[in-house]
Amino acid sequence: MGQAKIYYDSDADLGVLNRKKIVFLGFGNQGSAQAQNLRDSGIPNDQILIANRVDSYAETAKAKGFHVEHDFATAAEVADVLFILIPDQVQPRVFNEQFSPKMKSNATIVVASGYNVFFNLLKFQSGQDVVMVAPRMIGSSVRSLHEKGRGFPCFVSVEQNGTGKGLDVALALSRAIGATKQGAIASSVREETAMDLFAEQALWPNIIMMFREAFNVLKDAGCSDEALCYEMWMSKEPAEIFERAADDGFVAQLKHHSTISQYGQLGGSLKLGGEAMREHFKDILDNQILNGKFCEAFSQIEGDLDKEGDTNPLNELYRRSEEMELVKAEKRVKARLAGLL
Ligand code: NAI
């Protein structure tokens, strides 16, 4: 693929939003941040509607002066633009049953994550625009950076261009929520979903496994729990390394380390060819993520994630993971530090 296009404020015309009714389904992390940013960008409050069930999020929206609609059918009927900003796992049910059948045939639907669109879990009408405006930031930062006059990283794409004006609307919305200030990167739901799920199912599982096994080997070699926990993560050194990697460069940050460390890290990583890991990663990407196998398996157990106790599969994964020596040692060290042992 190579270089991605980057869109800035100057690529976007807020005028295309004139008189459009912009509905935010959800006023949580992203909904509250994006709706407030959009209003600050000069979109009149009367053009904005928060569609929210009766809960504390709706109360917060009202307290901030927004118009709130609890009846989703009414919100669906008036929407020229619909931001879907409720949790990903509830989007298909809520959108397909309560919004989709009532919506205008030329509306623009905006998602902040690629998953449901990539795996065809949302039902759109063919004349509608479907766009992704996906901040790469938690909602509170989307809001606070905008308040400071700064932007935030964001992916933007047009997935279905029913009106032929999908990109203009997507860029205007991106600008209105503050996403083109720093540059919004042209992406796709495929790219966003592949990268997200790959990080979650390939990269981080290996990192967790490597920490687990590194801990076991060093513990067997006589290192104490306290020394290991601090050396490996409790000192926050790994967090600092990643911060410096973002600021100085992935490899250039090594220059902050001792000469012995630089020599060991560079020499050691170059010695590891990585062929087996590349195959393993490719297998997960092709045969678990992109082919929809994970999505299908997850949809089978999704309903069980609300259950209490052992029948909740996530609780079961936590229970097994907490059997790791690393986790047991960490508990002992933390208890000791709190003066409990
Ligand atoms: P959230 O968890 O903050 O959503 C809360 C909102 O969803 C509330 O308004 C609540 O009333 C509503 N809601 C929850 N369950 C509902 C149901 N069953 N029926 C109707 N409404 C319901 O959501 P968040 O984290 O803002 O995520 C929204 C979207 O943004 C997702 O697609 C997510 O992947 C994406 N995203 C989230 C980021 C974050 O900072 N958490 C970062 C980037 C993208």
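A quick note: this is a predicted structure, and the numbers were derived from the prediction, not measured.

Engineer: What exactly am I supposed to notice about the overall build of the protein chain here?
Structural biologist: Regarding its fold elements, the protein chain presents 15 helices and nine strands. Taking the principal axes of the C-alpha coordinates as reference, the protein chain spans close to 70 × 45 × 45 Å. By the burial criterion, 38% of the 341 residues in the protein chain qualify as buried. A fraction of 66% describes how many contacts in the protein chain between residues 6 or more apart in sequence connect residues 24 or more apart. By element, 54% of the accessible surface of the protein chain is carried by carbon and sulfur atoms, the whole surface being about 19200 Å². If the 37 positive side-chain charges of the protein chain are averaged to one point and the 46 negative ones to another, these points end up 3 Å apart.

Engineer: Would you explain the pairing of strand β2 (residues 22–25) in this entry?
Structural biologist: Residues in a regular strand project their side chains so that they alternate between the two faces of the sheet. Residues of β2 alternate between two faces, with Ile22 and Phe24 on one and Val23 and Leu25 on the opposite face, all of them buried. Direction of pairing for β2 relative to strand β3 (residues 48–51): parallel, over a ladder of four bridges. Bridge pairing links Leu25 to Ala51 in β3. Note that β2 and strand β5 (residues 81–84) share four bridges and pair parallel. Across the sheet, residue Val23 finds its bridge partner in β5, namely Leu82.

Engineer: Can you walk me through the packing of aromatic side chains in this structure?
Structural biologist: To describe a pair of aromatic rings, one takes the distance between the centres and the angle between the planes. As enumerated under the stated definition, the model contains nine aromatic pairs in all. Seen from their ring centres, Phe24 and Phe83 are 4.4 Å apart, and the 5 degrees between their planes marks the pair as stacked. Of this pair, Phe24 sits in strand β2 while Phe83 sits in strand β5, and the two are 59 residues apart along the sequence. Using a relative accessible area of 0% as the deciding quantity, one classes Phe24 as buried. Geometrically, the ring pair formed by Phe294 and Phe298 is stacked, given 5.6 Å between the ring centres and 25 degrees between the ring planes. In this pair, Phe294 and Phe298 are both assigned in helix α13 (residues 293–301), four residues apart and thus about one turn of the helix distant. Judged by its relative accessible area of 26%, Phe298 falls in the partly exposed class. Directly above the ring of Phe66 sits Arg39, whose terminal nitrogen or CZ lies 3.8 Å from the centroid.

Engineer: So what exactly am I meant to see when it comes to the site of the ligand here?
Structural biologist: Looking at the ligand, there are 22 residues lining it, with Phe27, Asn29, Asn52, Asp55 and Asp88 nearest. Contact between the ligand and Asn52: an oxygen atom at 2.7 Å from a side-chain N or O atom of the residue. In isolation the ligand offers 840 Å² of accessible surface; the protein chains occlude 82% of this area. For the shell around the ligand, the secondary structure elements donating two or more residues are α1 (29–40) and α4 (91–99).

Engineer: So what exactly am I meant to see when it comes to the pairing of β5 here?
Structural biologist: Here β5 shows two buried faces, one formed by Val81 and Phe83 and the other by Leu82 and Ile84. By the bridge criterion, four bridges tie β5 to strand β6 (residues 108–111) in an arrangement that is parallel. Among the inter-strand pairings, Phe83 is bridged to a residue of β6, identified as Val110. For the crossover from β5 across α4 to β6, the handedness is right-handed.

Engineer: Could you clarify how one ought to interpret a nonpolar patch on the surface in this entry?
Structural biologist: A cluster of nonpolar side chains, namely Phe242, Phe250, Val251 and Leu266, defines an oily patch on the protein surface of about 440 Å² accessible area. Considering the arrangement of structural elements, one finds Leu266 in helix α11 (residues 259–271). The exposure class assigned to Leu266 is partly exposed, which follows from its relative accessible area of 35%.

Engineer: Explain the packing of helix α8 (residues 189–220) against helix α15 (residues 325–337) to me, please; I cannot follow it from the model alone.
Structural biologist: Pairs of packed helices are described in terms of their axes, by the angle between the two and the distance that separates them. The N-to-C vectors of α8 and α15 enclose an angle of 70 degrees; their axes lie 9 Å apart at closest approach. One element, α8, and the other, α15, form an angle in the roughly perpendicular class. Of the residues in α15, those touching α8 at Phe211, Arg212, Phe215, Asn216 and Lys219 are Glu325, Leu326, Ala329 and Arg332. Taken together, the residues of the contact of α8 with α15 sort by class into four nonpolar, one polar and four charged.

Engineer: Hey, could you run me through unusual backbone geometry in this one?
Structural biologist: Most peptide bonds take the trans form, and the phi angle of most residues other than glycine is negative. Even without a glycine there, the phi angle at Arg19 is positive, about 65 degrees. You can see Arg19 is positioned in the loop between β1 (6–7) and β2. Non-glycine residue Lys236 carries a positive phi angle of around 70 degrees.

Engineer: Even after reading the chapter, I still don't get the packing of α8 against helix α9 (residues 225–234), so can you show me in this structure?
Structural biologist: The N-to-C vectors of α8 and α9 enclose an angle of 145 degrees; their axes lie 11 Å apart at closest approach. For the pair α8 and α9, the sense of crossing is right-handed. Residues Phe211, Ala214, Phe215, Leu218 and Lys219 of α8 pack against Asp225, Leu228, Cys229, Met232 and Trp233 of α9. In terms of residue class, the contact of α8 with α9 is made up of eight nonpolar, no polar and two charged.

Engineer: Can you walk me through the sheet that holds strand β8 (residues 154–161) in this structure?
Structural biologist: Working definition: the strands of a sheet are paired by backbone hydrogen bonds and lie parallel or antiparallel to each other. The sheet built from nine strands is open, its strands ordered β1-β9-β8-β7-β6-β5-β2-β3-β4 with mixed pairing. Looking along the sheet, the strands with just one partner apiece sit at the ends: β1 and β4 (67–69). In this fold α4 packs onto β2, β3, β5 and β6, with an angle of close to 155 degrees to the strand it touches most, β5. Against the sheet, helix α7 (residues 166–176) engages β1, β2, β5, β6, β7 (129–135) and β8, with an angle of about 150 degrees to β8.

Conventions used here
- Residues numbered from 1 in each chain as written.
- Predicted model: local features only at pLDDT ≥ 70, side-chain atom pairs only at ≥ 80, totals over all residues.
- Heavy atoms only, no water.
- Helix = DSSP H or I, 4+ residues; strand = E, 2+ residues; numbered from the N terminus.
- Buried < 20%, exposed > 50% of the residue type's maximum accessible area, 1.4 Å probe, protein only.
- Contact = heavy atoms within 4.5 Å.
- Areas by Shrake-Rupley, 256 points an atom, 1.4 Å probe, with all protein chains shown as cover.
- Lys, Arg positive; Asp, Glu negative; His and termini not counted.
- Charge placed at Lys NZ, Arg CZ, Asp CG, Glu CD.
- Pairing = 2+ DSSP bridges.
- Phe/Tyr/Trp six-rings, centres within 6.5 Å; stacked < 30°, edge-to-face > 60°.
- Lys NZ or Arg CZ within 6 Å of the ring centre and 35° of its normal.
- Near = heavy atom within 4 Å.
- Polar contact = N/O pair within 3.5 Å; in protein donor to acceptor, adjacent residues only side chain to side chain.
- Right-handed = clockwise from strand over helix to strand, strands pointing away.
- Patch = residues over 30% accessible without salt bridge, like charges linked within 9 Å, V, L, I, M, F, W, Y side chains within 5 Å.
- Salt bridge = Lys/Arg side-chain N within 4 Å of Asp/Glu carboxyl O.
- Axes fitted to C-alpha atoms, helices over the stretch in contact; angles between N-to-C directions.
- Parallel < 35°, antiparallel > 145°, perpendicular 65-115°, else oblique.
- Nonpolar A, V, L, I, M, F, W, Y, C, P; charged D, E, K, R; others polar.
- Left-handed = near helix turned anticlockwise from the far one by under 90°.

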